[in-house]
Amino acid sequence: MPVLTVENSDDYQTYINADRTTVALFAADWAEQCAQVTDVLNELASILGDKLQFITLNAEKFPEISMKHQIEAVPTVIFFNKGSAVDRVDGVDVAAISSKSKKLAESASSAAATGQTLKDRLTALINKAPLMIFMKGDRNAPRCGFSKQLIAIVNDTNLPYETFDILSDEEVRQGLKTFSDWPTYPQVYVKGELIGGLDIIKELLANNELEASLKG
């Protein structure tokens, strides 16, 4: 399937909310680099078109859409999964566009083979352990200050728990924000239910309610 050109806002919404992951190029006629990225998308579409959908739109023609996705320069490529942006590449980075597209195509193939949607996958992950923490890095090597603080607090309870490194999977990182309606990390789940982030955990600790809350 060739790269589709977005003619109006309704087309755009239809494309990005499709069942297939959509690769969207925000471009401008005057930017020569956009032609290079368009050629790359055409090539990828010929290879991955049965798994991914490729579209292009003029960023200046759709200023509201461009503003919503913080398009500050062209070309910019954004990857959408059922309406949600799950990844992006700013500028002419052909290798990144190709590798991210192929990775998403592989995920789509895997999901098709197992019949597992992103929602199914997220549900399985948050129920992987009675106490589940989604963070940057893992329990042995937190990769941000908030995650490090959270792990130190939870470790003091001596309760068993599992962690998931959101930096290792962009689809989970972006999807979980929408799934749980919680925009930041780390996120703590008890028996599949969201407890909250670091501030909530600190509040529970201060009120001597942490251990009971983490046990469910």
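Our subject is the structure that appears above.
We now turn to the structure provided with this report. None of these values were measured; they are calculated from a predicted model.

### Structural notes on the nonpolar core
Okay, step 1: Ranked by internal contacts, the top residues of the largest apolar core, which has 38 residues, are Y12, F26, L41, F54, L57 and I97.
Okay, step 2: At the level of elements, α1 (9-16), β2 (21-27), α2 (32-48), β3 (52-58), β4 (76-81), β5 (84-90) and α4 (94-114) are the ones that each hand at least two residues to this core.
Okay, step 3: Those residues in contact with I97 that lie beyond four places of it in its chain are V37, V40, L41, L44, V77, F79 and V89.
Okay, step 4: By size, the runner-up hydrophobic cluster in this structure holds 16 residues, among which are I133, M135, I153 and V154.

### Section: the pattern of salt bridges
Okay, step 1: Summed over all chains, the structure comprises seven salt bridges.
Okay, step 2: Note that D50 and K51 form a salt bridge whose closest N and O atoms lie 3.3 Å from each other.
Okay, step 3: The exposure class assigned to D50 is exposed, which follows from its relative accessible area of 57%.
Okay, step 4: Its relative accessible area of 28% is what places K51 among the partly exposed residues.
Okay, step 5: With a closest N to O distance of 3.9 Å, R173 and E170 form a salt bridge. One end of the pair is R173 and the other is E170, both in helix α7 (residues 170-180) and three residues apart, which spans about a single turn.
Okay, step 6: A relative accessible area of 23% places E170 in the partly exposed class.

### Concerning the packing of aromatic side chains
Okay, step 1: Overall, the coordinates contain three aromatic pairs when judged by the stated rule.
Okay, step 2: Here the aromatic rings of Y12 and F80 are separated by 6.2 Å at their centres, their planes lie at 90 degrees, and the arrangement is edge-to-face. Taken together, the residues span a long stretch of sequence, with Y12 in helix α1 and F80 in strand β4 at a distance of 68 residues. As far as burial versus exposure is concerned, Y12 and F80 are alike and both buried.
Okay, step 3: Taken together, the ring pairs in this structure connect F134, F164 and Y189 into an aromatic cluster.
Okay, step 4: Positioned over the ring face of Y161 is R139, at 3.8 Å from the centre of the ring.

### So, the sheet that holds β4
Across a sheet, paired strands are connected by hydrogen bonds in the backbone, their directions being either parallel or antiparallel.
Okay, step 1: Pairing is mixed in the open sheet, where five strands are placed in the order β1-β3-β2-β4-β5. Looking along the sheet, the strands with just one partner apiece sit at the ends: β1 (4-5) and β5.
Okay, step 2: Strand contacts of α7: β4 and β5, with the helix running at about 135 degrees to β5, the strand carrying the most contacts.

### A short note on the layout of surface pockets
Okay, step 1: As a volume, the second largest pocket reaches approximately 240 Å³.
Okay, step 2: Together, 14 residues line the second largest pocket, and K68, H69, I78, A85 and R88 are the ones closest to its centre.
Okay, step 3: Put simply, the parts of the chain that give the lining of the second largest pocket at least two residues each are β4, β5 and α7.
Okay, step 4: Of all the elements, β5 adds the most residues to the lining of the second largest pocket, at five residues.
Okay, step 5: Split into classes, the residues belonging to the lining of the second largest pocket amount to five nonpolar, five polar and four charged.

### Structural notes on unusual backbone geometry
Okay, step 1: Note the cis peptide between V74 and P75, where omega equals 0 degrees.
Okay, step 2: Among the structural elements, P75 can be located in the loop between α3 (63-68) and β4.
Okay, step 3: The residue after Y185, namely P186, is reached through a cis peptide bond having omega 5 degrees.
Okay, step 4: Along the chain, the position of P186 falls in the loop between α7 and β10 (187-190).
Okay, step 5: In this structure, Q70 takes a positive phi of about 55 degrees despite not being glycine.
Okay, step 6: Within the element layout of this structure, Q70 appears in the loop between α3 and β4.
Okay, step 7: Phi is positive for N158, which is not a glycine, with a value near 65 degrees.

Cut-offs applied
Sequence positions are assigned chain by chain, starting from 1 and proceeding in written order. Only residues with pLDDT of 70 or above have their local features reported here, since the model is predicted, and side-chain atom pairs are shown and tallied only from 80 upward, although totals for entire chains, interfaces and linings are computed over all residues. Derived side-chain values reflect all non-hydrogen atoms in the structure, with water molecules and hydrogen atoms excluded from consideration. Only buried residues count toward a nonpolar core, which is a set of Ala, Val, Leu, Ile, Met, Phe, Trp, Tyr and Cys residues joined through side-chain atoms within 4.5 Å. Three exposure classes are used, based on accessible area relative to the maximum for each residue type with a 1.4 Å probe and protein chains only: buried under 20%, partly exposed in between, and exposed over 50%. Strands are runs of DSSP state E lasting at least 2 residues, helices are runs of H or I lasting at least 4, and numbering of each runs from the N terminus. Residues count as neighbours in contact if any of their non-hydrogen atoms are within 4.5 Å of one another. Throughout this description, the term salt bridge denotes a Lys or Arg side-chain nitrogen within 4 Å of a carboxyl oxygen of Asp or Glu. Any Phe, Tyr or Trp ring, taking Trp's six-membered ring, that has another such ring centre within 6.5 Å forms a pair; planes under 30 degrees apart are called stacked, those over 60 apart edge-to-face, and the others tilted. Comment: the charge-over-ring label is applied if NZ (Lys) or CZ (Arg) is within 6 Å of the ring centre and within 35 degrees of the ring normal. A pair of strands is treated as paired once DSSP finds two or more bridges between them. Only the stretch in contact is used when a helix axis is fitted, and all axes are lines through C-alpha atoms; the angle between N-to-C directions ranges over 0 to 180 degrees. Cavities and pockets were defined on a 1 Å grid built over protein atoms only: a cavity is a set of grid points that admits a 1.4 Å probe from which the probe cannot escape, a pocket is an open set flanked by protein on both sides within 12 Å along at least five of seven lines, and lining residues are those with an atom within 4 Å of any such point. Grid points are joined across faces, edges and corners, and a volume is the space filled by probe spheres set on the points. When residues are sorted by character, Ala, Val, Leu, Ile, Met, Phe, Trp, Tyr, Cys and Pro go into the nonpolar class, Asp, Glu, Lys and Arg into the charged class, and all the rest, Gly among them, into the polar class.

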